[in-house]
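Okay, here's what each chain looks like letter by letter:
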Amino acid sequence: MTLDDRIDTFLELGLCLQNYTDSKDLSSNFSQKLTNIIRQAEIQNAWFTQIQVRLSIAAWAKALTKEQLYNWLTPYKIESMPEKDVAVIMAGNIPLVGFHDFLCVLILGHKVIGKLSSNDNLLLPFMAEELIRIHPGFEDKIVFTNDRLPKFDSVIATGSNNTARYFEYYFKSKPHIIRKNRNSLAILNGTESKAELQALGEDIFRYFGLGCRSVSKLFIPEDYDVDDFYKAMFKFKDYIYHHKYANNYDYNKAVYLMSSVKLLDNGFLLLKEDKQFSSPIGTLFYEKYTSIKELEITLKERHEEIQCTVGNEDFAEVKFGQTQNPKLSDYADGVDTLEFLIQH
């Protein structure tokens, strides 16, 4: 398979996903199978509601276009290279979270050995099956395993800070990318429109806040009117009717109240003043700032804990509502996966 063959295959997959997203061809074999897989995914993992999985599929449909793929690949010097076996240990926090690594390995002509999370082990195999249907040349390029990894040349592993220590020891003799916990932040200055704040709600609530690109903390001015924020969040009130979200919200609220922690509460989202970045489900941490310049310096010092920063400030690289729509060149933890695979 040439690079053009591989690109064309992913473009065809993207077109199938787009037709499904646009409900243009729901009677096709592809659409019927995908609908069934989405239902199974929700049964297996209650966080993967059909709405949330469809949002992930829609995001990938937009990414797998000719313009997006060529804009992403053009800056790299991609030449014919020996095939490598690349192990990819995937997280399972949000639907298809491992697809980007999967795409990076395959687009360069390497073989992917995927170790799937038990929380997300249906969607990616379906995508792999469709790639093989479109171009059988992918059949020998994709392996999924639940057991010990077979022989491999390099590895990409995503996990928590605890598992990262294990990964770093276990894979120390192999070229590797090891990803740890990161969180995303939003900076408010009080001039945001209602539309911008509602867009921020997407960054907070999409995938129930389980992604590393989900906003888990707010930075607000000393005199910020939280009512403006809460009024905009009312659009997302129905999240409280999801049983797992509601259980987490109720549990965290009870723990905080028993500890006499001061909270702000609108009935479906707790606001807690806290210097930490990682907040539990149903809770958003916030911290007050007195100077944007000082805040910028603080965030630079803690950049290794941050996935992305949302806001209208010059140093906030993501606009409101866009954290879950990353470009193909927006690499997790800021590590260029394609460059790593080209060099190793």
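Residues numbered from 1 in each chain as written. Predicted model: local features only at pLDDT ≥ 70, side-chain atom pairs only at ≥ 80, totals over all residues. Heavy atoms only, no water.

1. Concerning the sheet that holds strand β5 (residues 176-179)
Logical step 1: The strand order across the open sheet built from five strands is β3-β2-β1-β4-β5, with neighbouring strands paired in parallel fashion. Every other strand in the sheet has two partners, leaving β3 (142-144) and β5 as the edge strands with one partner each. Across the sheet, the mean angle separating the axes of adjacent strands is 15° when strand polarity is ignored.
Logical step 2: Here helix α5 (residues 99-107) sits on the sheet in contact with β1 (85-89), β2 (111-115), β3, β4 (154-158) and β5, set at roughly 160° to β2.
Logical step 3: Those strands touched by helix α7 (residues 161-170) are β1, β4 and β5, and its axis lies near 165° from that of β5. (Pairing = 2+ DSSP bridges. Helix = DSSP H or I, 4+ residues; strand = E, 2+ residues; numbered from the N terminus. Axes fitted to C-alpha atoms, helices over the stretch in contact; angles between N-to-C directions. Contact = heavy atoms within 4.5 Å.)

2. Examining a nonpolar patch on the surface
Logical step 1: Taken together, the side chains of Tyr166, Tyr169 and Tyr170 define a hydrophobic patch exposed on the protein surface, amounting to about 370 Å² of accessible area.
Logical step 2: By the element assignment, Tyr166 lies in helix α7. (Patch = residues over 30% accessible without salt bridge, like charges linked within 9 Å, V, L, I, M, F, W, Y side chains within 5 Å. Areas by Shrake-Rupley, 256 points an atom, 1.4 Å probe, with all protein chains shown as cover. Salt bridge = Lys/Arg side-chain N within 4 Å of Asp/Glu carboxyl O.)

3. Topic: the sheet that holds strand β7 (residues 215-221)
Logical step 1: Strand order across the open sheet formed by six strands is β8-β9-β10-β7-β6-β11, with mixed pairing between neighbours. Across the chains shown, the open sheet's two edge strands, defined by having one partner strand only, are β8 (264-265) and β11 (306-310).
Logical step 2: Here three bridges tie strand β6 (residues 183-187) to β11, and the two strands are oriented parallel to one another. Considered in β11, the bridge of Ala186 is made with Val310.
Logical step 3: Its contacts with the sheet place helix α8 (residues 194-205) against β6, β7, β10 (283-289) and β11, and it is angled at close to 140° to β7.

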